[in-house]
Amino acid sequence: MKKFIVESLIVHGICPSCRELTVLVSVLDNIYKCTNCGEELQQHVNGVIKYLPINKDTKELLYGEKSK
Ligand SMILES: [Zn+2]
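Scope of this entry: the structure provided in the associated data block. (Residues numbered from 1 in each chain as written. Predicted model: local features only at pLDDT ≥ 70, side-chain atom pairs only at ≥ 80, totals over all residues.)

Description of the pairing of strand β2 (residues 21-28)
Logical step 1: Across five bridges, strand β1 (residues 10-14) lies against β2 in antiparallel orientation. Across the sheet, I10 pairs through a bridge with V25, a residue of β2.
Logical step 2: Count of turn residues in the β1/β2 antiparallel hairpin: six residues, of which R19 carries a positive phi of about 60 degrees.
Logical step 3: Strand direction decides the pairing type here: β2 and strand β3 (residues 31-34), joined by four bridges, are antiparallel. In the sheet register, S26 faces β3, and the bridge partner there is Y32.
Logical step 4: In this antiparallel pair of consecutive strands, β2 and β3, the connection spans two residues. (Pairing = 2+ DSSP bridges. Helix = DSSP H or I, 4+ residues; strand = E, 2+ residues; numbered from the N terminus.)

Notes on unusual backbone geometry
Logical step 1: Residues other than glycine seldom take positive phi values, yet R19 does so here, at roughly 60 degrees.
Logical step 2: Take R19: it is sitting in the loop between β1 and β2.

Some points on the environment of I14
Logical step 1: Within the element layout of this structure, I14 appears in strand β1.
Logical step 2: Along the primary structure I14 and Y51 are separated by 37 residues, whereas in three dimensions their C-alpha atoms are 8.0 Å apart.
Logical step 3: Those residues in contact with I14 that lie beyond four places of it in its chain are R19 and L21. (Contact = placed C-beta atoms within 7 Å.)

Structural data, given as structure tokens:
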């Protein structure tokens, strides 16, 4: 079982999953984890910074998880 390496980078933002103003902890370069609902979010920089929920494909890319 993999464990997240929690770095010291913490930001406040509105989680698109639980829609709460919450603390987002950086777990990878541009990946944040919502401390409220536990959803993993991807910081998407495109003029504005948004936090997007990570879908299954993204997860496989990041963590090397394979679906069957
Ligand atoms: Zn959340």
